[in-house]
Amino acid sequence: MTSVRVRGISSTALSYLFLLRGFRVVQASGVIRERLGIPFDTSPAEVTVKDSEEPSTLVVLGKPEGVREVLDSITAELRDVVVWWGRPGLHAVVRARVSRLEEGGCILELPGGVEGVLRACHGREGDLVVVSVARPSFRRGERAVVSRELRFDGLYVSLIKGGKIEFSEFIRDPAKKAELSALAVSKLVGSGLGVRFRSNSQYADPHEVSREIDFLLGVLRDFEAKLKSGGDVGVLYEGESIALVYLTSPAKARLDELRGRVAPTAIGHHQLKYMGLDEVVDYTEYLLSNKAITRESTALLSSYLVYKQVGREFSFRQVKPDGGVVNLAPGVLEKVEVGRGGLTLVFKRVMRSSGVYDGLGVEKKPGDVDYMVVDTSSWTISHNYYRGSDYLGTYVNINTPPDVGEGVVEYLDLEVDVVVRRDGGPEVVDLDKLEEAWRSKALSDSLYKRALEEVEKVRSNPTAHVYNPWKNQQK
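First things first, this report covers the structure right here in the doc. (Residues numbered from 1 in each chain as written. Predicted model: local features only at pLDDT ≥ 70, side-chain atom pairs only at ≥ 80, totals over all residues. Heavy atoms only, no water.)

**Here's the deal with a nonpolar patch on the surface**
Where nonpolar side chains cluster on the molecular surface, the patch consists of Ile165, Val185 and Val189 and spans about 260 Å² of accessible area. According to the relative accessible area criterion, Val189 is exposed, its value standing at 64%. (Patch = residues over 30% accessible without salt bridge, like charges linked within 9 Å, V, L, I, M, F, W, Y side chains within 5 Å. Areas by Shrake-Rupley, 256 points an atom, 1.4 Å probe, with all protein chains shown as cover. Salt bridge = Lys/Arg side-chain N within 4 Å of Asp/Glu carboxyl O. Buried < 20%, exposed > 50% of the residue type's maximum accessible area, 1.4 Å probe, protein only.)

In structure tokens form, the structure reads like this:
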């Protein structure tokens, strides 16, 4: 069984998921062990799953085979997720070519057609250099960050050429640090190598750590031999596999369902937590666990958090299948309605620049207004453009149901859209972008099929997506 360590907002749900799928959950917190009824397993983690610094995103890293197994399980269970693989691997050691100089550094050609940035580089165009990947490229056009500090990873330790003795922030016991330091000195004195003790080593038997250092010294000897043999741009040491997993709103709902099997879980738990609303969720679940409220009543939490923001300016974060992010011009929340499946929010966005409205072919002028209708249960967002009371047309964006937080709306854009002209005629735009995202595997089969289904729904009844603020006021 592949061993997995889980940290972060979704640790309860994901740990439960991994147990169901036959993984070994290791180094779990006391709370997780109690909820899942598992013992404290101090075995080293072959794969780690944790929150990214990016919103609604997980990091999965570790041994290549294990990372693939974990990702297969996440995508099979949660379905509506997007995976961005890091290229090359984390701490991969590669031979790269200097393609050009830029701002005191070098832009490198890395294996796989990826560009890398090496700071404080004084090479010349065409030079070959050996570097380690400190941060891989996850998105098309994104540059990897590389370093001359070469690192070779094991489960317990990383050997670093020219480094020193370092410890993971999770190793805090002074006695353990002293024990590991003495081991490092005895094994590496005079070698010119440093060592970083990874978090797995806090529970490790010193003999296991010693054996791994010997193994990595052998890996390093093989690397040195490969380096002397010369060659062109290529991978000399693979490093660890790493991927980012973007969680859409439907995927978070499935995490809620999994968590709800082992712990009191408010409706919208993961959506609200990933939008930064931890404290109010924790309090709601405290009431739920003490039977002061029912789970059905927790649905009011999302309503309350949105209602209290009427009149506030919101930003809009549109995540693209390739990992890019488009930040739309902000808008003010004018209206909220409770529907059968979720909340309908109306935002007023005032245009500040001139141009042409995409797809509609209508001139855009400063002062035009977009009444943006966001339904938290819908796979569409409609942009309704007006110049005074003159209707200009509607642009229907196909996307995953949006998440709403404090002053922000976030969703995954599915690339394809439908425009509704003033005469009511619908037209599908950017279908080729959806097809490309699917062919490149940026979008899963399920998301691709759902996008096509939503397009047909809009085409069959386009006027249902048109918002008229004056008609609505009369009601």
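**What about unusual backbone geometry?**
Looking along the chain, the bond that leaves Arg87 and enters Pro88 is cis, with omega of -20°. With respect to the helices, strands and loops of the structure, Pro88 is situated in the loop between β5 (81-85) and β6 (93-102). The backbone of Ser56 sits at a positive phi, close to 55°, despite the residue not being glycine. Along the chain, Ser56 turns up in the loop between β3 (47-51) and β4 (57-62). Under the relative-accessibility criterion, Ser56 is labelled buried at 1%. A positive phi angle is found at Glu415, which is not glycine, with a value near 75°. (Helix = DSSP H or I, 4+ residues; strand = E, 2+ residues; numbered from the N terminus.)

**A word on the side chain of Asp256**
Structurally, Asp256 can be placed in helix α6 (residues 249-260). One buried charged residue, Asp256, remains without a salt bridge, the closest side chain of opposite sign being Arg295 at 5.2 Å. (Lys, Arg positive; Asp, Glu negative; His and termini not counted.)

**Some details on the sheet that holds strand β1 (residues 3-6)**
With mixed pairing, the 6 strands of this open sheet are ordered in space as β2-β1-β3-β4-β16-β5. Each of the sheet's edge strands pairs with one partner strand only, and the pair in question is β2 (24-25) and β5. The pairing of β5 with strand β16 (residues 241-247) spans 5 bridges and is antiparallel. Bridging from a neighbouring strand, Trp85 pairs with Ala243 of β16. (Pairing = 2+ DSSP bridges.)

**Some details on the pairing of β4**
The buried fraction of β4 amounts to 6 of the 6 residues, a majority that puts the element mostly inside the structure. Residues of β4 alternate between two faces, with Thr57, Val59 and Leu61 on one and Leu58, Val60 and Gly62 on the opposite face, all of them buried. Looking at chain direction, β3 and β4 are connected through 5 bridges and run antiparallel. In the sheet register, Val47 faces β4, and the bridge partner there is Gly62. Hairpin connection from β3 to β4: 5 residues lie between these consecutive antiparallel strands, with Ser56 at a positive phi of about 55°. Direction of pairing for β4 relative to β16: antiparallel, over a ladder of 6 bridges. From the neighbouring strand, Leu61 faces β16, where its bridge partner is Ile242.

**Some points on the pattern of salt bridges**
Tallied over the entire structure, the rule returns 38 salt bridges. A salt bridge links Glu102 to Arg100; its shortest N-O distance comes to 3.9 Å. The class for Arg100 is partly exposed, based on a relative accessible area of 29%. Residues Glu102 and Arg143 are paired through a salt bridge, measuring 2.9 Å at the closest nitrogen-oxygen approach. On the criterion of sequence distance, the pair formed by Glu102 in strand β6 and Arg143 in the loop between β9 (128-135) and β10 (144-147) is long-range, its members being 41 residues apart. Taking relative accessible area as the criterion, Glu102 reaches 28% and is therefore assigned partly exposed. Taking the relative accessible area as the measure of exposure, Arg143 reaches 29% and is therefore partly exposed. By sharing partners, the salt bridges in this structure join Glu54, Arg135, Arg139 and Glu142 into a single network.

**Looking at the side chain of Asn384**
Inspection of the secondary structure assignment puts Asn384 in strand β23 (residues 380-387). Polar contacts involving the side chain of Asn384 include one to the side chain of Ser382, which spans 3.1 Å. Within polar-contact distance, the side chain of Asn384 engages the side chain of Thr394 at 2.8 Å. What Asn384 contacts, discounting residues up to four positions off in sequence, is Val369, Asp370, Tyr371, Val373, Gly393, Thr394, His465, Val466 and Tyr467. (Polar contact = N/O pair within 3.5 Å; in protein donor to acceptor, adjacent residues only side chain to side chain. Contact = heavy atoms within 4.5 Å.)

**A short note on the packing of aromatic side chains**
Under the definition given, this model contains 15 aromatic pairs. Measuring from centroid to centroid gives 6.1 Å for Trp84 and Tyr246, while their planes differ by 35°, and the two rings are tilted. Here Tyr246 lies in strand β16 and Trp84 lies in strand β5, a separation of 162 residues in the sequence. The pair Trp84 / Tyr246 is uniform in exposure class, with both members buried. Note on Tyr386 and Trp470: the rings are 5.2 Å apart at their centroids and 65° apart in plane angle, and the pair reads as edge-to-face. On the criterion of sequence distance, the pair formed by Tyr386 in strand β23 and Trp470 in helix α12 (residues 469-474) is long-range, its members being 84 residues apart. (Phe/Tyr/Trp six-rings, centres within 6.5 Å; stacked < 30°, edge-to-face > 60°.)

**Section: the environment of Thr12**
Examined against the element boundaries, Thr12 turns out to sit in helix α1 (residues 11-20). Classification of Thr12 as buried rests on a relative accessible area of 4%. Once the C-alpha coordinates of Thr12 and Ile107 are considered, the two residues, 95 residues apart in sequence, prove to be 42 Å apart. Beyond its immediate chain neighbours, meaning those up to four positions away, Thr12 contacts Ile32, Arg35, Arg259 and Val262. Here Arg35 takes part through its side chain, which lies 2.7 Å from a polar atom of the side chain of Thr12.

**Quick notes on a negative patch on the surface**
Taken together, the side chains of Glu65, Glu69, Asp72 and Glu238 present a region of like negative charge at the surface. Turning to its location among the elements, Glu238 is positioned in the loop between β15 (234-237) and β16. A relative accessible area of 59% means that Glu238 is categorised as exposed. (Charge placed at Lys NZ, Arg CZ, Asp CG, Glu CD.)

**Thoughts on the nonpolar core**
Trp84, Ile398, Leu412, Leu414, Leu443 and Leu447 are the most contacted members of the largest nonpolar core, which totals 34 residues. Mapped by element, the contributors of at least two residues to this core are β4, β5, β16, β22 (369-375), β24 (390-399), β26 (408-420), α10 (431-439) and α11 (445-460). Beyond its immediate sequence surroundings of up to four residues, Leu414 is in contact with Trp379, Ile398, Asn399, Thr400, Leu434, Leu443, Leu447 and Ala451. The next biggest cluster of nonpolar side chains, apart from the first, holds 30 residues, and it includes Tyr16, Leu17, Ile74 and Leu78. (Core = buried A, V, L, I, M, F, W, Y, C linked by side-chain atoms within 4.5 Å.)

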